[in-house]
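Examining the three-dimensional arrangement
Listed below, chain by chain, are the residues.
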There are 2 protein chains.
Amino acid sequence: MSTDVATETAWKRRDETPVSDETIRLIDTYWRAANYLSVGQIYLLDNPLLRTPLAVDDIKPRLLGHWGTTPGLNFMYAHMNRAIQERDLNTIYIIGPGHGGPGLVASAYLDGTYSEVYHDIEQDEAGVRRLFRQFSFPGGIPSHVAPETPGSIHEGGELGYALSHAYGAAFDNPDLLVMAVVGDGEAETGPLATSWHSNKWLDPVQDGVVLPILHLNGYKIANPTVLDRIPQDELLDLFKGYGYHPYLVEGGFDGEDPIAVHKRYAAVLDEVLNEIADIKERAANGSLEGRAKWPMIILRTPKGWTCPPVIDGVQVENTWRAHQVPLANARDTPEHTALLEGWLKSYKPEELFDENGAPVPDAVAIAPKGDRRMSANPIANGGLVRKDLRLRDWREFGVDVPSPGATSSEATRVLGEWLATVIEDNPENFRIFGPDETASNRLAPPVYSATDKQFAGEIWPIDVNMAPTGRVMEVLSEHQCEGWLEGYLLTGRHGLFTSYEAFIHIVDSMFNQHAKWLKVTREIPWRRSISSLNYLLSSHVWRQDHNGFSHQDPGFIDHVVNKSADVVRVYLPFDANTLLSTYDHCLRSVDYVNVVVAGKQPQPNLLTVDEAVRHMTRGLGIFEWAGSEKPGEEPDVVLAAAGDIPTLEVLAASEILQKYIPELKVRVVNVVDLMKLQPEDEHPHGLSDRDYDAIFTTDKPVIFAYHGYPWLIHRLTYRRNGHGTLHVRGYKEEGTTTTPFDMVMRNDLDRYHLVIDAIDRVPGLAERYAGLRQEMVDARLNARLYAYQNGEDIPEVAKWAWKGGSEANINDTGGDND
Amino acid sequence: MSTDVATETAWKRRDETPVSDETIRLIDTYWRAANYLSVGQIYLLDNPLLRTPLAVDDIKPRLLGHWGTTPGLNFMYAHMNRAIQERDLNTIYIIGPGHGGPGLVASAYLDGTYSEVYHDIEQDEAGVRRLFRQFSFPGGIPSHVAPETPGSIHEGGELGYALSHAYGAAFDNPDLLVMAVVGDGEAETGPLATSWHSNKWLDPVQDGVVLPILHLNGYKIANPTVLDRIPQDELLDLFKGYGYHPYLVEGGFDGEDPIAVHKRYAAVLDEVLNEIADIKERAANGSLEGRAKWPMIILRTPKGWTCPPVIDGVQVENTWRAHQVPLANARDTPEHTALLEGWLKSYKPEELFDENGAPVPDAVAIAPKGDRRMSANPIANGGLVRKDLRLRDWREFGVDVPSPGATSSEATRVLGEWLATVIEDNPENFRIFGPDETASNRLAPPVYSATDKQFAGEIWPIDVNMAPTGRVMEVLSEHQCEGWLEGYLLTGRHGLFTSYEAFIHIVDSMFNQHAKWLKVTREIPWRRSISSLNYLLSSHVWRQDHNGFSHQDPGFIDHVVNKSADVVRVYLPFDANTLLSTYDHCLRSVDYVNVVVAGKQPQPNLLTVDEAVRHMTRGLGIFEWAGSEKPGEEPDVVLAAAGDIPTLEVLAASEILQKYIPELKVRVVNVVDLMKLQPEDEHPHGLSDRDYDAIFTTDKPVIFAYHGYPWLIHRLTYRRNGHGTLHVRGYKEEGTTTTPFDMVMRNDLDRYHLVIDAIDRVPGLAERYAGLRQEMVDARLNARLYAYQNGEDIPEVAKWAWKGGSEANINDTGGDND
Ligand SMILES: Cc1ncc(C[n+]2csc(CCOP(=O)(O)OP(=O)(O)O)c2C)c(N)n1
Ligand SMILES: Cc1ncc(C[n+]2csc(CCOP(=O)(O)OP(=O)(O)O)c2C)c(N)n1
Ligand SMILES: [Mg+2]
Ligand SMILES: [Mg+2]
């Protein structure tokens, strides 16, 4: 890590004179220009520089956007510009109140980035017109700080993730300063409320710096904010309690001259940046005692600052009424139109733009140049700085499988061995995130041979595998894990998030937003590919041994498949080698969300390394060794499985069928890449109908044992031939704390029930094998009785493995700390 | 509200002498008994009172549960018992670390409740045996504080909601004390981190009291906790910043005698309860200045306290290793078995149980009696105290509909008028919860004619509709809204949660947990029915005018339908009267989750009050007025719709088809209760196949315009006749900030595309109406061009209504504060 260099170059104190009046004037000029361009985007269709009196038809017919937050955002942006220039800081911004889109677009336009990436929006009057018109307009750009906005890695549509993203961006970027604006309304969300604690993980040497700015403009959509309505000592205590050194800047109220506020803020910003430089220096030279108390700023200004204070006799500025479009009726009377014109003119556009319509030098003087522009920082276009991972051949880490089921492994533990080498070989751009479950999910102990859990809180002698720096990030917040990882990926790095399957639903909405981001960026030519977001969902629905019904939910997959097929991938590896192969693939891929569900309990290994490669490459396949087909003949029944537990049950069912109905031609199919089931034209992984028919037949009964809610298989195969004879077993929302086999029986996914399903569905069997069918019913009852009496599964099931007993006993359920 | 009575009876200071040594002894005895019973549940299959030496076979083969948190929970429970008795407090508990299930079961057993509700678990040796055996055992009870646990309204499986539930329970329960234990790991979650701020809403007169206890046992599953590893001044600042008066009690470390810890904690608890009584008194007599600073307790004790300190040379007590089953290997060597025996004996069971195996009087002396027992408080079995709402006849609030589409309304605003009366008539047991969106979702202004937004922070003169008490609860946290509402419902009250459709995914996992809770309680005879959890999802995918792609997600319905059909209901009313009727139904129902998606923008009213009653009762129906069927003949095509925007588009498509293809027999169907589509045997609302076939035909093309992701309709109708000719249009994950009609066009849900679909699918039309088809293609292009040029929708679409122009122009998109 290039610690020394970083410290020498990026972080300097600057103890000269206070900011000069001239600089303040330039900050204010920039701010006025940004405000003008923001209001213009929200309201103006034409006449962008007000070279003629404002006419009704110059105003957009539908006024869609948000003004309230924007002047504050522009203010912070302007000031940070000044600091970047003076200190040569490497800075990106994250804007929590992302509805302030016009402000960020305005700044990207002022500093020239906008015209560089959107060639038709030039710095002239025609360009300004197009800039205004496109905003929140059909065929134009969204109202938020979206992927379309240069410099953005955070849209801020769904509030709450500003700080998680900011810290995620800062990890392993020792030179980077992340200016993270948090809305005071946003601060009420759960994810944001816990994300202040991210400072308990940041390392002052290895990682960058997050400067949180609480944007205390007092209001949300229709309410005051909590943090604005508590006594000041509580407010400061809160941020001290969160472990920060808070600075409070207040101004702009009761008509206070903005120049005075600029001066106060500029002085505080200098103080804060000096404090950051000090911390960085002390950290670098080893003189920092204990955890760094990073500064943060509370900026209290009026919501909607500089808009008409009163409209139609009602106070608007400094109230919630400024949140969206303060003058929603700008077209309806000449008075309102005049009010809008007056508002626009209050920024003195004639001083801001030259005769061609380009910003005058004064208006952009404080903006930095080149990559130092926050809108042009390559880190915020992660693909530009992303380096492929160095990955060792996973096959060397594969387990030995002399014959299917002859050995057994905890798949995640084997994966952990390989991940340890990923960590070793990529010490600066790969991290594992988890909500206190890396051990429980059995990636540990192996990964801890290569790294520690990073923690900046107090570390005591009793602790193991904890250190100020490390590649594993554990915090008991799925939101934080997801947000940190997203921030890390969006800035060009790699990682994975391991979680209990049920609780990954906690981040359903965050996944949504990230998937939407990825979908949109695919259509933006200047956005470069970033690493995929990889989930590893272990501790899944079928093996929630210590826990019960609340921990049983395989529905994340269903949630995920609603998102664009271009973005989403789902894998269900069923043993150690298939899991290794899956993850090797995931860590190489870009621009996807990969959902991998895999067990952590001891399970029989089924495929050798080479078989796993082939199986994974196809995404699905026939286990010829497991069926009883006759070459050249169609099977009578297809037993298909997706998921580790279903695969075992299908194998066991096949064994029973072969034993008791030797003439039955059973085909065993395993689907590891779920998207293969979809038609070619609905998902890029989809099998051709020809291939699908060859594997599943067009008319034979298919008994499909699926890991999750059964409907998904019907959905994916809806347009396939033979879906009328497809019979799916899966999780039917029946569960509790019980034995593994009782769980599958409760949901009719067990081997015995699969045999019954085959008997019921293969024409002719029902009559001839009523006896076997009854034996299966009895076997279920026996197994249940045994479990109820003994508290563990009946040995013939517990120790079952393909062709004989297994070393993997499903009754063996280690503690989650092992 | 019975404020005065409450204050006189429930909340008293108690300034006598410090807690006597004898009382401390009894607390400790109870604690030992609870700990013994907890360890017994985790480990013992037999020999429950250790009347013979512990044998390997007395130990369960699979040890599944969590010890670490349990001694602390038992400690707090014992102490609260003492306080309840002395002060006659009305108390329920909420346990964040719900994995401490054995502890709560132990206390419910000790105080007798358990035997009252589970008659086979008596207070004798056989009862203890059954109590132990059933825990985490097939056919037994879950490991968590589940619905099966008497006194519980919170399972604590998915961590994070303890305080939200606690405050929800406290609202409108002025006499109630909610003891809310927060795990220090749990405290890292987002929902929990923001829920401390719930004190900014609680009213000290009208509402009850929450006593949060941070259970600082230092560890989670495999890590220390953040709050344990920050300096003490930060810890205290944090809770001061959250607006509490924190008390810190520490003890049990380095072998400290528990008696000393009991003394300290008992003294602090008395101080805290006196402080609460003071606040309550000052609030009642009007002498409380500003917001109440409620006390909270930080209890720092060793995780796993009283278990073997060291096992196999490794420290266990006071580490994360005590989290689950400290002696997971209790069966494998005689030494380990002896260790377990020694641990159990350390509680001196011979002093705790009499010869029959019943707890001796000393062991239960501090437990309160009757309804004062936390495990028996009727409030924690909400149905026992629930009163039906007083609801006025919604039909009096219905809108006038002289003919379909002749008038128009903002449906949610009309609903607001009726809800205002619900508020008036039910001033103590009905609340509306929302993330700063009650106004944006247009329930306001009407509801504010009847009530205010409750807020305990500072209220300033500029504020409107805000007061210390009120029926509307607004906090910018979907988690808080959901958690508060759940707590409110679980304690026998009524309410609804209104949110943007897209962001309701934020509570996907909370919904999961609540739905699971409801499903399980249905099977528990002593649990009484509670009011349904009602969602009102307005600002839906099709009308995200000010926002864009990030705000467009109709997938919550998909998420919801994976849960048990017994619990889940989905409604898509399409105008004011159907929305009124829907909500009337929802507010009367029990034990469901009702998801209602309804627009807030001006829309044509289609059904009169009487028609709405009939349509809602059927759940779906044919709009005869909108089609062109001939009596006695089958239709040629069925145009079906579910949702407000799809219904409009279908009507418009029908009009076009009737005009240009007069001979075509068009049937128009609307589905308002989505579950009607499912087969009878899969959902209680499901239509019979006969009814389904009559409405949808068995073989005619059905063009189904659906509000959400199209797949859901296929899923619901999968087993129906004619699903091969069903063609569904819906949201295809295409969106941005644009006009309403451009949005439907992007997803091919528009009237023109529906006409094209009909032409393509009704045999014979394609050839004969190629011209019309082309006109439709052109109409789409025209509409898009118009929008791109003008920024609003083309008038013929914008002002369209059934049989003539409309007062509702879809271009009218008011600001969200209006
Ligand atoms: C999670 C979430 N819930 C609700 C909303 C709807 N919403 C949009 S803006 C806003 C208010 C934001 O207030 P604040 O964070 O203070 O931003 P600012 O005042 O700077 O506009 C709300 C509730 C949202 N965007 N995200
Ligand atoms: C949201 C969520 N994420 C992860 C888990 C898995 N989990 C179960 S217990 C636990 C640790 C809880 O620690 P703490 O709250 O301190 O409880 P205690 O120490 O009292 O056991 C975790 C992470 C969970 N139950 N819920
Ligand atoms: Mg704000
Ligand atoms: Mg803990």
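Conventions and cut-offs
- Residues numbered from 1 in each chain as written.
- Chains lettered and ligands numbered in written order.
- Predicted model: local features only at pLDDT ≥ 70, side-chain atom pairs only at ≥ 80, totals over all residues.
- Heavy atoms only, no water.
- Pairing = 2+ DSSP bridges.
- Helix = DSSP H or I, 4+ residues; strand = E, 2+ residues; numbered from the N terminus.
- Axes fitted to C-alpha atoms, helices over the stretch in contact; angles between N-to-C directions.
- Near = heavy atom within 4 Å.
- Polar contact = N/O pair within 3.5 Å; in protein donor to acceptor, adjacent residues only side chain to side chain.
- Areas by Shrake-Rupley, 256 points an atom, 1.4 Å probe, with all protein chains shown as cover.
- Nonpolar A, V, L, I, M, F, W, Y, C, P; charged D, E, K, R; others polar.
- Parallel < 35°, antiparallel > 145°, perpendicular 65-115°, else oblique.
- Left-handed = near helix turned anticlockwise from the far one by under 90°.
- Contact = heavy atoms within 4.5 Å.
- Donors = N, O, S within 2.8 Å, 3.2 Å for Na, K, Ca; no water.
- Least-squares fit on C-alpha atoms with pLDDT ≥ 70 in both.
- Buried area = accessible area lost by both parts, 1.4 Å probe.
- Salt bridge = Lys/Arg side-chain N within 4 Å of Asp/Glu carboxyl O.

**Comments concerning the sheet that holds strand S18 (residues 620-622) of chain B**
All names here are of chain B. The five strands lie next to each other as S18-S20-S19-S21-S22, forming an open sheet whose pairing is mixed. Of all the strands in the sheet, just S18 and strand S22 (726-729) have a single pairing partner and so form its edges. Averaged over all pairs of adjacent strands, the angle between their axes in this sheet comes to 20°, without regard to strand direction. Judged from the five bridges that link them, strand S19 (residues 637-642) and strand S20 (residues 666-671) form a sheet pairing that is parallel. Across the sheet, residue Ala640 finds its bridge partner in S20, namely Val669.

**Some details on the site of ligand 2**
In the neighbourhood of ligand 2, 25 residues make up the surrounding shell, with Glu478 of chain A together with Thr69, His99, Asp184 and Lys303 of chain B lying closest. With respect to ligand 2, the chains having nearby residues are chains A and B. One of the backbone N or O atoms of Tyr219 of chain B is found 2.8 Å from an oxygen atom in ligand 2. If ligand 2 stood free it would expose 590 Å²; the protein chains cover 99% of that surface. Its residues assigned to classes, the shell around ligand 2 shows nine nonpolar, eight polar and eight charged.

**Digging into the packing of helix H2 (residues 21-43) of chain B against helix H3 (residues 70-87) of chain B**
Residue and element names in this part refer to chain B. Look at H2 against H3: their axes get within 9 Å of each other, and the N-to-C directions meet at 140°. In terms of their interaxial angle, H2 and H3 are classed as oblique. When the axes of H2 and H3 are compared, the crossing they make is right-handed. Mapping the contact onto sequence places Thr23, Ile27, Tyr30, Trp31, Ala34, Asn35 and Ser38 in H2 and Thr70, Pro71, Asn74, Phe75, Tyr77, Ala78, His79, Asn81, Arg82 and Glu86 in H3.

**Side note on the sheet that holds strand S2 (residues 176-183) of chain A**
All names here are of chain A. If you walk across this open sheet you meet the five strands as S1-S2-S3-S5-S4, and the pairing is parallel. The open sheet has two edge strands with one neighbour each: strand S1 (90-95) and strand S4 (245-250). Neighbour-to-neighbour, the strand axes of this sheet turn through a mean angle of 20°, independent of strand direction. Direction of pairing for S4 relative to strand S5 (residues 295-300): parallel, over a ladder of six bridges. Residue Leu248 lies in a different strand from S5, and its bridge partner there is Ile298. Of the strands in this sheet, S1, S2, strand S3 (209-215) and S5 are in contact with helix H3 (residues 70-87), which crosses S2 at around 165°.

**Focus on the coordination of the magnesium ion (ligand 4)**
Residues and elements named next belong to chain B. Coordination of the magnesium ion (ligand 4) by the protein comes from Asp184 (OD), Asn217 (OD1) and Tyr219 (O), over a distance range of 2.0 to 2.2 Å. Read from N- to C-terminus, the donor residues coordinating the magnesium ion (ligand 4) fall into the pattern D-x32-N-x1-Y. Note that Asp184 is positioned in the loop between strand S2 (176-183) and helix H8 (190-195) and Asn217 in the loop between strand S3 (209-215) and helix H9 (232-241), a separation of 33 residues in sequence.

**Structural notes on the relation of the copies chain A and chain B**
Laying chain A over chain B is done by rotating through 180° and shifting 0.0 Å along the axis; what remains is an RMSD of 0.0 Å. This pairing of chains is accounted for by a two-fold axis. Across chain A, the rotation axis passes nearest the C-alpha of Gly190 of chain A, at a separation of 1.9 Å. Counting the interface residues of chain A, we find that 100% of their copies in chain B are interface residues as well, pointing to one common contact surface.

**A closer look at the site of ligand 1**
For ligand 1, the set of nearby residues contains 25 residues, the closest of which are Thr69, His99, Asp184 and Lys303 of chain A together with Glu478 of chain B. Those residues lying near ligand 1 are distributed over chains A and B. Thr69 of chain A is positioned with one of its side-chain polar atoms (N or O) 2.6 Å from an oxygen atom of ligand 1. A distance of 2.8 Å separates an oxygen atom of ligand 1 from a polar atom in the backbone of Tyr219 of chain A. Relative to its unbound accessible area of 590 Å², ligand 1 is 98% covered by the protein chains.

**Focus: the interface of chain A and chain B**
Between chain A and chain B, the contact holds 134 residues from the first and 134 residues from the second. Together, the buried faces of chain A and chain B total about 10,900 Å²; carbon and sulfur atoms form 53% of this surface. When residues of chain A are sorted by the area they lose upon contact with chain B, Arg62, Arg229 and Trp711 of chain A head the list and together hold 8% of the total. Between the two partners, chain A and chain B, sit 16 salt bridges. Here chain A is connected to chain B by 66 residue pairs in polar contact (both at pLDDT 80 or more). Looking at the side of chain A that touches chain B, the elements that each hand over two or more residues are helix H8 (190-195), helix H9 (232-241), helix H16 (508-521), helix H17 (556-561), helix H22 (711-716), helix H23 (740-746) and helix H26 (770-790) of chain A. It is H16 of chain A that provides the largest number of residues to the side of chain A that touches chain B, a total of seven residues.

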